[in-house]
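# Remarks on the overall topology
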Amino acid sequence: MLDMQTASKPHRAKLYLHYEIDGDDFTRAGEASSKLKQSLKQLGLSPAVIRRAAIAMYEGEINMVAHADGGVIDVDIDTAAITIVMRDTGNGIEDIDAAMKEGYSTASDEVRQMGFGAGMGLPNMKKHSDYMKIDTKVGEGTTVTMKISIMSE
Amino acid sequence: MTTTKELRELYSALNRADLPDRNISSVYCGDLLSHVMGSAPEGAAWVTVMSNVNVIAVASLTDVACVVIAEGGAPDDDAIAKADEHGVLIFKGSGRVFETALEIYERIHV
Ligand SMILES: Nc1ncnc2c1ncn2[C@@H]1O[C@H](COP(=O)(O)OP(=O)(O)OP(=O)(O)O)[C@@H](O)[C@H]1O
Ligand SMILES: [Mg+2]
């Protein structure tokens, strides 16, 4: 199930978006990112910023499906930045330093057959965001926070 | 520079006929989706053997000009419906990845 609500938070955010990501549904994985892309287009943000945010969130969305049992995404957009917070209650990441390395992947054969598992998702998320933080606890879950600055280039 | 309109002469388009014509500025080959996500240039013709529904999401988010599925791959109805929905032009190429990419490269660089 994918769910999006928008509500304005006066004084702070221009826009707040919420998405729920189904675990195990690869056919729908990516829908939240394309919705985000649409919303950012409507806000009139620059194509470069939109591309970075959509790519960063897509990789996180796929990870929630491939490595956890889905999760929730909250996006907060103000005049300075897009903040994306992705939470799941999956198994967590044992070794973050290893996970951040290009080419490191624990993806299953099934996931690899679909074209995932290159071990490039987290590095892409870092590359396409201005700030990224991973909070994770084995057995409890993972929260990835990314900020994409929207200052005019 | 070539265009998606010119590629319609080389390959069969698998979805909506009413997609706007786009310029093609480069060719990109790749099958590992997060690799493609990180490196495919906007406006490229993306040549791949993959044909599942996730290809469409990657093509849409990277904003490539079109996808050319090589080596006999065939997207299912779900993938084609998604491509229509997102306005992603997909072609089916009969050749191998290298020949297909070279053919497009030559069109760009004549
Ligand atoms: N949300 C998550 N929960 C648990 N483990 C995760 C999560 N996200 C990433 N990981 C772990 O980090 C590894 C590296 O992630 P990354 O996204 O870089 O590569 P991948 O998903 O394996 O492959 P790719 O993204 O290239 O398709 C994963 O293989 C997995 O072990
Ligand atoms: Mg990944």
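Rules used in this analysis
Residues numbered from 1 in each chain as written. Chains lettered and ligands numbered in written order. Predicted model: local features only at pLDDT ≥ 70, side-chain atom pairs only at ≥ 80, totals over all residues. Heavy atoms only, no water. Helix = DSSP H or I, 4+ residues; strand = E, 2+ residues; numbered from the N terminus. Rg over C-alpha atoms; globule rule 2.2 N^0.38 Å. Buried < 20%, exposed > 50% of the residue type's maximum accessible area, 1.4 Å probe, protein only. Axes fitted to C-alpha atoms, helices over the stretch in contact; angles between N-to-C directions. Parallel < 35°, antiparallel > 145°, perpendicular 65-115°, else oblique. Left-handed = near helix turned anticlockwise from the far one by under 90°. Contact = heavy atoms within 4.5 Å. Nonpolar A, V, L, I, M, F, W, Y, C, P; charged D, E, K, R; others polar. Core = buried A, V, L, I, M, F, W, Y, C linked by side-chain atoms within 4.5 Å. Near = heavy atom within 4 Å. Polar contact = N/O pair within 3.5 Å; in protein donor to acceptor, adjacent residues only side chain to side chain. Areas by Shrake-Rupley, 256 points an atom, 1.4 Å probe, with all protein chains shown as cover. Buried area = accessible area lost by both parts, 1.4 Å probe. Salt bridge = Lys/Arg side-chain N within 4 Å of Asp/Glu carboxyl O. Patch = residues over 30% accessible without salt bridge, like charges linked within 9 Å, V, L, I, M, F, W, Y side chains within 5 Å.

### Notes on the overall build of chain B
- Of regular secondary structure, chain B possesses five helices and seven strands.
- Element order for chain B, N to C, with α for helix and β for strand: β-α-β-β-β-α-β-α-β-α-β-α.
- Over its C-alpha trace chain B gives a radius of gyration of 12 Å, about what one expects of a compact globule, namely 13 Å for 110 residues.
- Projected onto its principal axes, the C-alpha positions of chain B cover 35 × 30 × 25 Å.
- Scored against the burial criterion, the 110 residues of chain B give a buried share of 54%.

### With respect to the packing of helix 2 (residues 47-67) of chain A against helix 5 (residues 121-128) of chain A
Residue and element names in this part refer to chain A.
- Across the interface, helix 2 lies against helix 5 with an axial gap of 9 Å and an inter-helix angle of 155 degrees. In terms of axis orientation, helix 2 runs roughly antiparallel to helix 5. Relative to helix 5, helix 2 is oriented so that their crossing is left-handed. Residues R52, I55, A56, E59, G60 and N63 of helix 2 touch helix 5, and the partners they reach there are G121, L122, N124, M125, K127 and H128.
- Grouping the constituent residues of the contact of helix 2 with helix 5 by class yields four nonpolar, five polar and three charged.

### Details of the nonpolar core
- Core analysis: the largest hydrophobic core is formed by 63 residues, its most contacted members being A:V75, A:I82, A:I84 and B:W46.
- Sort the elements by how many residues they give to this core and helix 2 of chain A lands first, with 11 residues.
- In this structure A:V75 touches A:L15, A:Y16, A:L17, A:Y19, A:L36, A:M57, A:I82, A:T83 and A:I84, once residues within four positions along its chain are discounted.
- Formed by 16 residues, the second largest nonpolar core is a distinct cluster that contains B:L19, B:V68, B:L89 and B:I108.

### Considerations on the site of ligand 1
- The full set close to ligand 1 counts 20 residues, and A:H67, A:S105, A:T106, A:G117 and B:S34 are the nearest of them.
- At ligand 1, the nearby residues belong to more than one chain, namely chains A and B.
- Between ligand 1 and A:N63 there is a distance of 2.9 Å, counted from an oxygen atom to a side-chain nitrogen or oxygen.
- Backbone polar atom of A:M120 to an oxygen atom of ligand 1: 2.8 Å apart, as the coordinates give it.
- Out of a free accessible area of 590 Å², ligand 1 has 95% covered by protein chains.
- Those elements that provide at least two residues to the shell around ligand 1 are helix 2 and helix 5 of chain A.

### Comments concerning the interface of chain A and chain B
- Taken residue by residue, the interface counts 22 residues in chain A and 21 residues in chain B.
- Taking both partners together, chain A and chain B bury about 1,700 Å²; carbon and sulfur atoms supply 53% of that area.
- At the boundary of chain A and chain B, one finds zero salt bridges.
- For the side of chain A that touches chain B, the secondary structure elements donating two or more residues are helix 1 (31-42), helix 2 and helix 5 of chain A.
- In terms of residues, the side of chain A that touches chain B owes the most to one element, helix 2 of chain A, which gives five residues.
- Residues that form the side of chain A that touches chain B fall into these classes: nine nonpolar, eight polar and five charged.

### Focus on a nonpolar patch on the surface
- Side chains of B:F98, B:L102 and B:Y105 sit close together on the surface and give an oily, nonpolar patch of about 320 Å² of accessible area.
- Inspection of the secondary structure puts B:L102 in helix 5 (residues 97-108).

Interpretation note: all reported values are geometric properties and have no functional meaning in isolation.
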